[in-house]
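An overview of the molecular structure
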Amino acid sequence: MAPTADVLGEVMNRRGALFGVTRRSSRTGRSEPVIVEAFSRGLDWFRPAAALYAGTVVWSRYETMARPWVAFTVVGVLMAFSLALLAFRRRTTGLLAVEVALAVGGIFATLLADHPEDVAAGQFTLPTIWAAGPVAGAAVLHGRLGGLVVAGIIAVADILEVGSPNPTTWHNILLLVLLGGLIGLAVDLAREGLRHYEEVLAEQERLRERERLARVVHDGVLQTLAFIHRRGGEIGGQGAELGGLAAEQERTLRRLVSQGLTSAPVTESPAAGRASRDLRAMLGAHEGERVSVSLPGGPVLLDAARADEIDAAVVAALDNVTQHAGADAKAWVLLEADADTVTVTVRDNGVGDEPEHLLTAASRGRLGVSQSIQGRARDLGGTADVITRPGGGCRVVISVPRKENA
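Everything numeric in this text was worked out from a predicted model, so none of it was measured.

Observations regarding the overall build of the protein chain
Check the secondary structure of the protein chain and you find 12 helices and 10 strands. Looking at the protein chain as a whole, 38% of its 406 residues qualify as buried. For the protein chain, the exposed area adds up to about 21500 Å²; of that, 60% sits on carbon and sulfur atoms.

Some thoughts on the sheet that holds strand E8 (residues 341–348)
The strand order E5-E7-E8-E10-E9 describes an open sheet built from five strands, whose pairing is mixed. Edge positions in the sheet fall to strand E5 (291–294) and strand E9 (383–388), since each has one partner strand and no second. Averaged over all adjacent pairs, the angle separating strand axes in this sheet is 10°, with direction ignored.

Observations concerning the packing of helix H3 (residues 68–87) against helix H4 (residues 93–113)
Packed helices, taken two at a time, are described by their axes: the angle between them and the distance between them. Viewed as axis vectors pointing N to C, H3 and H4 meet at an angle of 165°, and their least axial separation amounts to 9 Å. Considered as vectors, H3 and H4 are oriented roughly antiparallel to each other. The element H3 and its partner H4 pack so that their crossing is left-handed. From H3, Val70, Ala71, Val74, Val77, Leu78, Phe81 and Leu85 reach across to H4, where they touch Leu95, Val98, Glu99, Leu102, Gly106, Ala109, Leu112 and Ala113. Here the residues of the contact of H3 with H4 are counted per class, giving 13 nonpolar, one polar and one charged.

Points about helix H10 (residues 304–324)
Counted at 1.5 Å a residue, the expected span for H10 with its 21 residues is 30 Å, and the 30 Å between its end C-alpha atoms agrees. For H10, the complete set of buried residues consists of Ala304, Arg306, Ala307, Ile310, Asp311, Ala313, Val314, Ala316, Ala317, Leu318 and Val321. N-capping of H10 is provided by aspartate 303, with a side-chain oxygen placed 3.1 Å from the backbone N of alanine 305.

Here's the deal with the packing of helix H2 (residues 34–61) against H3
Where H2 contacts H3, the axes come no closer than 8 Å and their chain directions differ by 165°. Considering the angle they form, H2 stands roughly antiparallel to H3. Here H2 and H3 pass one another in a crossing that is left-handed. Packed against H2, whose contacting residues are Asp44, Trp45, Arg47, Pro48, Ala51, Leu52, Ala54, Gly55, Val58 and Trp59, the element H3 presents Ala71, Phe72, Val75, Leu78, Met79, Ser82, Leu83, Leu85 and Leu86 at the interface. Considering only residue class, the contact of H2 with H3 consists of 15 nonpolar, two polar and two charged.

Description of the confidence of the model for the protein chain
Taken as a whole, the protein chain shows an average pLDDT of 81; of its residues, 81% reach a score of 70 or greater. Predicted confidence for residues 264–273 stays below pLDDT 50, and this span has 16 contacts to residues more than four positions away or in other chains. Within the model, the stretch residues 362–367 combines pLDDT values under 50 with seven contacts to residues more than four positions away or in other chains.

Structural notes on the environment of glutamate 32
Mapped onto the elements of the fold, glutamate 32 is located in strand E2 (residues 32–33). Polar side-chain contacts of glutamate 32 include one of 3.0 Å to the side chain of arginine 191.

Regarding the nonpolar core
Counting 32 residues, the largest nonpolar core has Leu126, Trp130 and Ile154 as the members making the most contacts within it. The residues touching leucine 126, leaving out its near neighbours within four places in the chain, are Ala54, Val58, Arg61, Met65, Ala71, Val74, Gly106, Ala109, Thr110 and Ala113. Core analysis: the next-biggest nonpolar cluster, separate from the first, contains 30 residues, Val291, Ala307, Leu318 and Ala377 among them.

Looking at empty space enclosed by the protein
Leftover empty space is mapped by rolling, across the atoms, a probe with the size of a water molecule. Following the criterion strictly, the structure yields one cavity of 30 Å³ or more and no others. As a volume, the largest cavity reaches approximately 150 Å³. What lines the largest cavity is a set of 15 residues, and nearest its centre among them are Arg47, Arg91, Glu99, Gly137 and Leu141. Mapped by element, the contributors of at least two residues to the lining of the largest cavity are H2, H4 and helix H6 (132–162). Looking at which element gives the most residues to the lining of the largest cavity, the answer is H2, with four residues. Here the residues of the lining of the largest cavity sort into six nonpolar, four polar and five charged.

Cut-offs applied
Residues numbered from 1 in each chain as written. Predicted model: local features only at pLDDT ≥ 70, side-chain atom pairs only at ≥ 80, totals over all residues. Heavy atoms only, no water. Helix = DSSP H or I, 4+ residues; strand = E, 2+ residues; numbered from the N terminus. Buried < 20%, exposed > 50% of the residue type's maximum accessible area, 1.4 Å probe, protein only. Areas by Shrake-Rupley, 256 points an atom, 1.4 Å probe, with all protein chains shown as cover. Pairing = 2+ DSSP bridges. Axes fitted to C-alpha atoms, helices over the stretch in contact; angles between N-to-C directions. Parallel < 35°, antiparallel > 145°, perpendicular 65-115°, else oblique. Left-handed = near helix turned anticlockwise from the far one by under 90°. Contact = heavy atoms within 4.5 Å. Nonpolar A, V, L, I, M, F, W, Y, C, P; charged D, E, K, R; others polar. Expected span 1.5 Å × (residues − 1). Polar contact = N/O pair within 3.5 Å; in protein donor to acceptor, adjacent residues only side chain to side chain. pLDDT = per-residue confidence, 0-100. Core = buried A, V, L, I, M, F, W, Y, C linked by side-chain atoms within 4.5 Å. 1 Å grid on protein atoms, 1.4 Å probe; cavity = no way out; pocket = protein on both sides within 12 Å on 5 of 7 lines; lining within 4 Å. Points joined across faces, edges and corners; volume = space filled by probe spheres on them.

Okay, structure coming up:
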């Protein structure tokens, strides 16, 4: 059962500050990393400050301009737009396009406000540093691709305005490209980290819900079926038959519950990018009337492929118990794990066998032990020891490294 949006949102509210996440941004309308919100807030105050700086530059030299009224008009428009964005917080691609158009228009308006010789000499454009605002805004809204695209548009406008680019022009263009690319890269990485965080959070909530349902089933339905099985055996006759049916349904339901807890792979980390499974839950699915399973208290996470192979070897060992140990034989499965190794022991109280008979089984075409068990363990870089004697049952010890040897 997947967690609902309300549950996920509530969990994000509880943990958002710890992981640097805002539940919903008023600017983009979606969950954003704190760094993106910080960039957006900084830009909101950068724009009016940059417009004020542009006005100061114009005021310091308006007497030498060809048309100072053009310069003051441009600065006034930029300031009005900047102040409007303080009140209107939503950021869209359309609004970004308007901001880029204002920056480009202000750059070309320099040709009207200044004398041609001043423009050719590399005089500041009317927007000055305000033109960097759309570049940073595009990087925040659309990542590094958006930042680089808008930086390219502003760069082309600068080159066309000056006619013959000078070292200062190229220097400013380089700064714009670095600004758009680096801020965009930081935003992309932050959003990617948030996406992985939300995936892990949703997976954790899904597993918690399944564990809760498994507890409910175990404490209610499974206990009832076990009671019916036990009482049916005591009553005998048709009661014993009913008890046998209850036992079969109990095993089936127990297997379904265990498989439900391991059906979906758990991502270890965004960097690892590999699926893992809980071997403890996988082996627990083999619990039944004739099979007892002893497991560690915590999960035993392994690479999915390794966990599947170990489980398959255990299944092969249990199949041997069913086929060769005798009708009344029972089996016990023990899982042990440390930091480096996983060990699974499967033993039974069946009829056992001669060790020599077991060693020659492969030559007689019986490959269950040599291939299904020992072969799998060997392929995983581990070992599988089989110990048996007539009348003493059989014990299979599978020991495998937790990680693939380099």
